[in-house]
Amino acid sequence: ALLQSLENHPKMPFGLCGKLFLLKNEIQTNKLTEFGFAHGDFTPWNIFANNQNLFIYDWEAAQDLMPKGFDAFHFIIQQSIMVEKHPWNLIEQSLTRILVDENHLFDSKKEMHRYLKLYLLLQTVNGMLVMLKLNLLLKLHIEIQIIKKV
């Protein structure tokens, strides 16, 4: 229902909703899906480490019932895009190496891809919702300013 409400919105980039529907349909809903708490914006710039302490900041995006691996995906993807400027094929290799081969968060590459699709779907839809809220707030602010001037 949420994707359908975004589909006809004028701010929705052309073709994005179709890709989101494809992504949604690729996710196997008949499989057990693990959910848990996530920071929501776990990135290198939202943490500080010294000696044996780790400090984590910016908890406003934290939520429970987030798909397994959400914070791990976010950390690796954001670091790879924003800092290292890696293309998607290198990011995907890093995700597999770190989350499947080294840390065994996922039992297989197939399982990791299923949760990655959930992550990408949630991130994109949440990003669109934030943009729509900001546009609405801006519109309300402009209308309030016009009313004040009248």
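Below, the discussion takes up the overall build of the protein. Of the regular secondary structure elements, the protein holds five helices and four strands. Going from the N terminus to the C terminus, the protein shows its helices and strands as α-α-β-β-β-β-α-α-α. Projected onto the principal axes, the alpha-carbon positions of the protein cover approximately 65 × 45 × 30 Å. Burial analysis of the protein (150 residues in total) assigns 29% to the buried set. In the protein, the proportion of contacts linking residues at least 24 apart, taken out of those at least 6 apart, comes to 64%.

Here Asn 46 lies in the loop between β1 (35–38) and β2 (47–50). In sequence terms Asn 46 and Tyr 57 are 11 residues apart; their C-alpha atoms lie 5.0 Å from each other. If sequence neighbours within four positions are ignored, Asn 46 has contacts with His 39, Asp 41, Phe 55, Ile 56, Tyr 57 and Asp 58.

Turning to the environment of Ala 62, a few remarks are in order. With respect to the secondary-structure elements, Ala 62 resides in the loop between β3 (53–56) and β4 (63–67). Note on Ala 62: relative accessible area 25%, which makes it partly exposed. Along the sequence, Ala 62 and Gly 40 sit 22 residues apart, while their C-alpha atoms lie 4.8 Å from each other. Setting aside anything within four residues of it in sequence, one finds Ala 62 in contact with Phe 37, Ala 38 and His 39.

Another point: helix α2 (residues 16–26). Burial in α2 covers these residues: Cys 17, Leu 20 and Leu 23. Projected down its long axis, α2 shows its buried positions confined to an angular sector of 120°, all on one face. Within α2, the exposed residues directed more than 90 degrees away from the buried face are Lys 19, Leu 22 and Asn 25.

Moving on, we get to unusual backbone geometry. A positive phi is found at Lys 85, a non-glycine position, where the angle reads about 60°. One can find Lys 85 in the loop between α3 (70–83) and α4 (88–102). Judged by relative accessible area, which is 61%, Lys 85 ranks as exposed. The phi angle at His 104 is positive, at roughly 55°, despite the residue not being glycine. When its relative accessible area of 55% is taken as the criterion, His 104 is described as exposed.

Calculation criteria
- Residues numbered from 1 in each chain as written.
- Predicted model: local features only at pLDDT ≥ 70, side-chain atom pairs only at ≥ 80, totals over all residues.
- Heavy atoms only, no water.
- Helix = DSSP H or I, 4+ residues; strand = E, 2+ residues; numbered from the N terminus.
- Buried < 20%, exposed > 50% of the residue type's maximum accessible area, 1.4 Å probe, protein only.
- Contact = heavy atoms within 4.5 Å.
- Arc of directions from axis to C-beta.

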